[in-house]
Amino acid sequence: MYVKIDHTKVKGDLVRKIEEISGVDVNRCYQCGKCSAGCPGAPFMDLLPSQVMHLLMTGRVDRVLESNTHWICASCFTCTVRCPKDIDLAGVMEAIRQIELRERKDFVRVDKLPERLNAPTIAMVSAFRKLTS
Ligand code: SF4
Ligand code: SF4
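Residues numbered from 1 in each chain as written. Chains lettered and ligands numbered in written order. Predicted model: local features only at pLDDT ≥ 70, side-chain atom pairs only at ≥ 80, totals over all residues. Heavy atoms only, no water.

**Student:** Outline the overall build of the chain, listing residues and values.
**Tutor:** In terms of helices and strands, the chain carries eight helices and zero strands. Counted from the first residue to the last, the chain has its helices and strands arranged as α-α-α-α-α-α-α-α. Put simply, of all contacts in the chain between residues at least 6 apart along the chain, 62% involve residues at least 24 apart. On the chain, roughly 8,400 Å² of surface is accessible, and the fraction owed to carbon and sulfur atoms is 53%. (Helix = DSSP H or I, 4+ residues; strand = E, 2+ residues; numbered from the N terminus. Contact = heavy atoms within 4.5 Å. Areas by Shrake-Rupley, 256 points an atom, 1.4 Å probe, with all protein chains shown as cover.)

Rendered as structure tokens:
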């Protein structure tokens, strides 16, 4: 028997919001894995970029928000360039960060930073702009 799946119900409001911000229809992903294979941040991520796409397609956005993947993402656009379906996965990662930042969840906690930080100033400025609300 053929059962028609209503993808709008599977995705839920948060995934639709991610699609709205990024302009990406996550259902277009066919899980080839080329994004994950080229991602320089993949070894440090809880979830591979292609796994993020799979979870979004199946409405499990909570699992995505729990991961560190979107914070590790360096916005290098390798995944976007490699995707055979022209999916802007870097844009999806940015949209997920925006969702978190709108909830005022910071990844970089300014009050937890050590007094003497061994990092280039520009790296910190970039991190604050990208990762804190
Ligand atoms: S490269 Fe594109 S189609 Fe392939 S898994 Fe990644 S997002 Fe999906
Ligand atoms: S934009 Fe982010 S997810 Fe995509 S390849 Fe670069 S680091 Fe990985």
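**Student:** Outline the site of ligand 1, listing residues and values.
**Tutor:** If you check the shell around ligand 1, you find Cys29, Tyr30, Gln31, Cys32, Gly33, Lys34, Cys35, Ser50, Cys83, Pro84 and Lys85 and nothing else. Here the shell around ligand 1 is built from residues that sort into six nonpolar, three polar and two charged. (Near = heavy atom within 4 Å. Nonpolar A, V, L, I, M, F, W, Y, C, P; charged D, E, K, R; others polar.)

**Student:** Let's hear about the nonpolar core: which residues, and what values?
**Tutor:** With 28 residues, the main nonpolar core has Ile18, Met53, Leu56 and Val92 as its most contacted residues. For this core, the elements supplying multiple residues, two or more each, are helix 1 (7-22), helix 3 (49-57), helix 4 (61-66) and helix 7 (89-102). A total of seven residues in this core trace back to one element, the largest contributor, which is helix 7. Aside from chain neighbours lying at most four places away, what touches Ile18 is Leu56, Val61, Val92, Ala95, Ile96 and Ile99. (Core = buried A, V, L, I, M, F, W, Y, C linked by side-chain atoms within 4.5 Å. Buried < 20%, exposed > 50% of the residue type's maximum accessible area, 1.4 Å probe, protein only.)

**Student:** Now, about the packing of aromatic side chains: what can you tell me, with residues and values included?
**Tutor:** Each aromatic ring pair is described using two quantities: the centre-to-centre distance and the angle formed by the ring planes. Counted under the stated rule, the structure contains zero aromatic pairs. Its end group placed over the ring of Tyr30, Lys85 keeps NZ or CZ at 5.5 Å from the ring centre. (Phe/Tyr/Trp six-rings, centres within 6.5 Å; stacked < 30°, edge-to-face > 60°. Lys NZ or Arg CZ within 6 Å of the ring centre and 35° of its normal.)

**Student:** Pulling in residues and values, what's your account of helix 7?
**Tutor:** Relative to the 20 Å expected for 14 residues at 1.5 Å per residue, helix 7 spans 20 Å between its end C-alpha atoms, a close match to the ideal helical length. Buried residues dominate helix 7, accounting for 11 of its 14 residues. (Expected span 1.5 Å × (residues − 1).)

**Student:** Provide a residue-level description of the packing of helix 3 against helix 7, including the pertinent values.
**Tutor:** Where helix 3 meets helix 7, the axes come as close as 11 Å, and the angle between the chain directions of the two elements is 65°. Comparing their axes, helix 7 and helix 3 come out roughly perpendicular. Here helix 3 runs over helix 7; the crossing is left-handed. On the side of helix 3, the interface is formed by Pro49, Val52, Met53 and Leu56, while helix 7 contributes Leu89, Val92, Met93 and Ile96. Residue composition of the contact of helix 3 with helix 7, by class: eight nonpolar, no polar and no charged. (Axes fitted to C-alpha atoms, helices over the stretch in contact; angles between N-to-C directions. Parallel < 35°, antiparallel > 145°, perpendicular 65-115°, else oblique. Left-handed = near helix turned anticlockwise from the far one by under 90°.)

**Student:** Can you lay out the site of ligand 2 for me, pointing to particular residues and giving the numbers?
**Tutor:** Around ligand 2 sit Cys39, Pro40, Pro49, Cys73, Ala74, Ser75, Cys76, Phe77, Thr78, Cys79 and Ala90, and those are all the residues in its vicinity. The residue inventory of the shell around ligand 2, partitioned by class, reads nine nonpolar, two polar and no charged.

**Student:** Can you explain the side chain of His70? Please cite residues and give values.
**Tutor:** Along the chain, His70 turns up in helix 5 (residues 69-72). At 3.0 Å, the side chain of His70 and the side chain of Glu100 are in polar contact. The contacts of His70, once residues within four sequence positions are left out, are Val64, Leu65, Met93, Ile96, Arg97 and Glu100. (Polar contact = N/O pair within 3.5 Å; in protein donor to acceptor, adjacent residues only side chain to side chain.)

None of the figures reported here should be taken as evidence of function without further support.
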